[in-house]
Number of protein chains: 2
Amino acid sequence: MNLTTAEENYLKAIYHLSEEGKKSVSTNDVAAEMNTKPASVSDMLRKLGEKEVIQYRKYYGVHITEEGKRRALQTIRKHRLWEVFLVEKLNFAWDEVHEVAEELEHIQSPLLIQRLDAFLNFPKFDPHGDPIPDEYGDVRSRPRIPLNEMEVDQSGQIVAVKDSSAAFLRYLDKVGAYIGARIKVLDKVEFDGSLEILVDQKKTLFMSKDVGSNILVLQS
Amino acid sequence: MNLTTAEENYLKAIYHLSEEGKKSVSTNDVAAEMNTKPASVSDMLRKLGEKEVIQYRKYYGVHITEEGKRRALQTIRKHRLWEVFLVEKLNFAWDEVHEVAEELEHIQSPLLIQRLDAFLNFPKFDPHGDPIPDEYGDVRSRPRIPLNEMEVDQSGQIVAVKDSSAAFLRYLDKVGAYIGARIKVLDKVEFDGSLEILVDQKKTLFMSKDVGSNILVLQS
DNA sequence: AAAATAATTTAGCTATATCTAAATAAATAT
DNA sequence: ATATTTATTTAGATATAGCTAAATTATTTT
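In this text, all values refer to a predicted model and were calculated from it rather than measured experimentally. (Residues numbered from 1 in each chain as written. Chains lettered and ligands numbered in written order. Predicted model: local features only at pLDDT ≥ 70, side-chain atom pairs only at ≥ 80, totals over all residues. Heavy atoms only, no water.)

### A closer look at the sheet that holds strand β8 (residues 215–219) of chain B
And step 1. Strand order in the open sheet formed by six strands is β3-β8-β4-β5-β6-β7 (chain B), with antiparallel pairing between adjacent strands. The outermost strands of the open sheet, each flanked by one partner alone, are β3 (145–146) and β7 (203–207) of chain B. (Pairing = 2+ DSSP bridges. Helix = DSSP H or I, 4+ residues; strand = E, 2+ residues; numbered from the N terminus.)

Right under this line is the structure:
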């Protein structure tokens, strides 16, 4: 049984919301995430329930099923592989890839994805540092902490961002930070939690606690 | 004003039918080409007429407009660039690419196509030997003749096929012919027009007149 | 020129995916 | 425990893209 593009997008949104720890995901949550109206969501939840990728009880929100999770992870896998392709092969900036990947992820061809994966040399993380699920939906994530929770003198590598809005990504680019950059915490201001960071053993960078909390670091 | 995926597909079909020399393209022709019913075509022609990519007079078929031609060629350009990508980078066989390219051609991102074009080194022909229109819809085609119209002892290179059905492409693969192969006509049987061909200065190949008429050759 | 046939269009239906407005259920506050 | 507020669903639209069956127009045959 196949899902339409719209259904795939809803399922992906429900998967992401489910991962945020809540027991169940509400109609309103989904509407906010998808930028649609709750009325449209109700209808879609009924359909997804019938297709058994979610468990839906009217008025009480939804739970994603195992089958639903599997399918959402397939879509996420495709999205992230295309992002790697766009950045590494077509020289897109990492803040330009999301929209296009959002379209590419719905192309139906298991062979295409297999070949793309091989062509890209089986990448394990996308350009934002998010892990790429394997064919079976397994994800190997790296242990990572927000930059602002590191101690002075500790070092690591930027591997992901929490807020991947275009605005934030552009900001990072501007100040010379990027996924993969090697960093060291030079100073933490006790008063406001702002940080002084050494990037790639060259540049010194000042950032607010807020910015720091949006940057995830693999410690070394 | 944008076209939907379905509208793009109809327009492409109308463009191809228009190229076959007829003055105007009929509803039935389009229905046959698109595997839909004439009733559905009537409706779509009305819409495409309103969007001014075709000129539509009820009961008298359609003419594609300049704007329509420009748009059809953009879609064809995208389709053929993706085919090159699938064959050259992802190692697809040339008889496996059509379906996937049919989906990929509808991704909306001028930047993507620009970058893909550059990544592929600005190819001028797709894996079937068909020319790739440039950004402005200009097409440079090579003069080419059907293999069965060549004389004995003449040489050339296979650059395209007329019938690009999967069955025919598989047949060619099986017998060791391919786009790009250098060939020489060793013999033509007067009785039935069948041919004896030397492929890549190594293999000898016998083929019927029918097969020969489906293979297009750039003479040298 | 009328009749028969073929091509095309229209009308009305289905399915998807959205919306607004109204109705209803659940949660919260008094 | 009742009233208010919030969340959710239902009902009824709209738009796209397809279908069948009936109606209409164009073409061909006699």
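### Things to note about the nonpolar core
And step 1. With 34 residues, the main nonpolar core has Trp82(A), Phe85(A), Leu86(A), Trp82(B), Phe85(B), Leu86(B) and Leu116(B) as its most contacted residues.
And step 2. At the level of secondary structure, the elements contributing two or more residues to this core comprise α4 (66–88), α5 (97–104) and α6 (110–119) of chain A together with α4 (66–88), α5 (97–104) and α6 (110–119) of chain B.
And step 3. Excluding residues that lie within four positions of it along the chain, Trp82(A) makes contacts with Ala101(A), Leu104(A), Glu105(A), Leu112(A), Ile113(A), Leu116(A) and Leu104(B). (Core = buried A, V, L, I, M, F, W, Y, C linked by side-chain atoms within 4.5 Å. Buried < 20%, exposed > 50% of the residue type's maximum accessible area, 1.4 Å probe, protein only. Contact = heavy atoms within 4.5 Å.)

### Some points on the pattern of salt bridges
And step 1. Scanning the entire structure with this criterion turns up 22 salt bridges over all chains.
And step 2. A salt bridge links Arg80(A) to Asp126(A); the shortest N-O distance between them is 3.7 Å. Taken together, the positions of Arg80(A) in helix α4 and Asp126(A) in the loop between α6 and β3 (145–146) put the pair 46 residues apart, joining distant regions of the chain. Each member of the pair, Arg80(A) as well as Asp126(A), carries the same accessibility label: buried.
And step 3. Put simply, Glu66(B) and Lys69(B) hold a salt bridge, and the shortest N to O gap is 3.7 Å. (Salt bridge = Lys/Arg side-chain N within 4 Å of Asp/Glu carboxyl O.)

### Quick look at the protein's contact with DNA strand C
And step 1. Not every one of the 22 residues close to DNA strand C is listed here, only the nearest: Thr4(A), Ser40(A), Ser42(B), Tyr56(B) and Lys58(B).
And step 2. In the interface set of DNA strand C, defined as its atoms within 4 Å of the protein, sugar plus phosphate atoms amount to 78%.
And step 3. Contact between DNA strand C and Thr4(A): a phosphate oxygen at 2.2 Å from a side-chain N or O atom of the residue.
And step 4. Taking Ser42(B), its side chain carries an N or O atom lying 2.6 Å from a phosphate oxygen of DNA strand C.
And step 5. Looking at the surface near DNA strand C, the elements that each hand over two or more residues are α1 (5–19) and α3 (38–50) of chain A together with α2 (27–34) and α3 (38–50) of chain B.
And step 6. Among the elements that take part in the surface near DNA strand C, α3(A) stands out by supplying five residues, more than any other. (Near = heavy atom within 4 Å. Polar contact = N/O pair within 3.5 Å; in protein donor to acceptor, adjacent residues only side chain to side chain.)

### A look at the sheet that holds strand β6 (residues 195–199) of chain A
All names here are of chain A.
And step 1. Read across the sheet, six strands follow the order β3-β8-β4-β5-β6-β7 without closing on themselves; strand pairing throughout is antiparallel. Across the chains shown, the open sheet's two edge strands, defined by having one partner strand only, are β3 and β7 (203–207).
And step 2. Pairing geometry for β6 and β7, over five bridges, is antiparallel. The residue of β7 that forms the bridge with Leu195 is Met207.

### Here we look at α6(B)
And step 1. If you check which residues of α6(B) are buried, you get Leu112(B), Ile113(B), Leu116(B) and Asp117(B). For α6(B), the arc enclosing every buried residue in end-on projection is 130°, short of the 170-degree limit, so these residues lie on one face.
And step 2. Looking at the buried side of α6(B), the elements it contacts are α4 and α5 of chain A together with α4 of chain B.
And step 3. Of the residues flanking the end of α6(B), it is Asn121(B), one or two places downstream, whose phi is positive at about 70°. (Arc of directions from axis to C-beta.)

### Here we look at the protein's contact with DNA strand D
And step 1. Surrounding DNA strand D, one finds 21 residues, the nearest of these being Ser42(A), Tyr56(A), Lys58(A), Thr4(B) and Ser40(B).
And step 2. Here the atoms of DNA strand D within 4 Å of the protein split so that 82% fall in sugar or phosphate, with bases taking the remainder.
And step 3. Between DNA strand D and Lys58(A) there is a distance of 2.4 Å, counted from a phosphate oxygen to a side-chain nitrogen or oxygen.
And step 4. Looking at the surface near DNA strand D, the elements with two or more residues in it are α2 (27–34) and α3 of chain A together with α1 (5–18) and α3 of chain B.
And step 5. For the surface near DNA strand D, the element with the most residues is α3(B), which contributes four residues.
And step 6. When grouped by side-chain class, the residues that make up the surface near DNA strand D number ten nonpolar, seven polar and four charged. (Nonpolar A, V, L, I, M, F, W, Y, C, P; charged D, E, K, R; others polar.)

### Some thoughts on the side chain of Thr65(B)
All names here are of chain B.
And step 1. Mapped onto the elements, Thr65 comes out in the loop between β2 (62–64) and α4.
And step 2. Judged by its relative accessible area of 17%, Thr65 falls in the buried class.
And step 3. Side-chain polar atoms of Thr65 contact the backbone nitrogen of Gly68, separated by 3.0 Å.
And step 4. In this structure, Thr65 is in contact with Glu52, Val53, Ile54 and Gln55, ignoring residues within four places of it in sequence.

### Quick notes on the relation of the copies chain B and chain A
And step 1. Superposing chain B onto chain A requires a rotation of 180° together with a translation of 0.0 Å along the rotation axis, leaving an RMSD of 0.1 Å. Taken together, the rotation and translation describe the operation of a two-fold axis. Minimal C-alpha distance to the rotation axis in chain B is attained by Leu104(B), lying at 3.8 Å.
And step 2. Both copies contact each other with a shared surface, as 100% of the interface residues of chain B are interface residues in chain A too. (Least-squares fit on C-alpha atoms with pLDDT ≥ 70 in both.)

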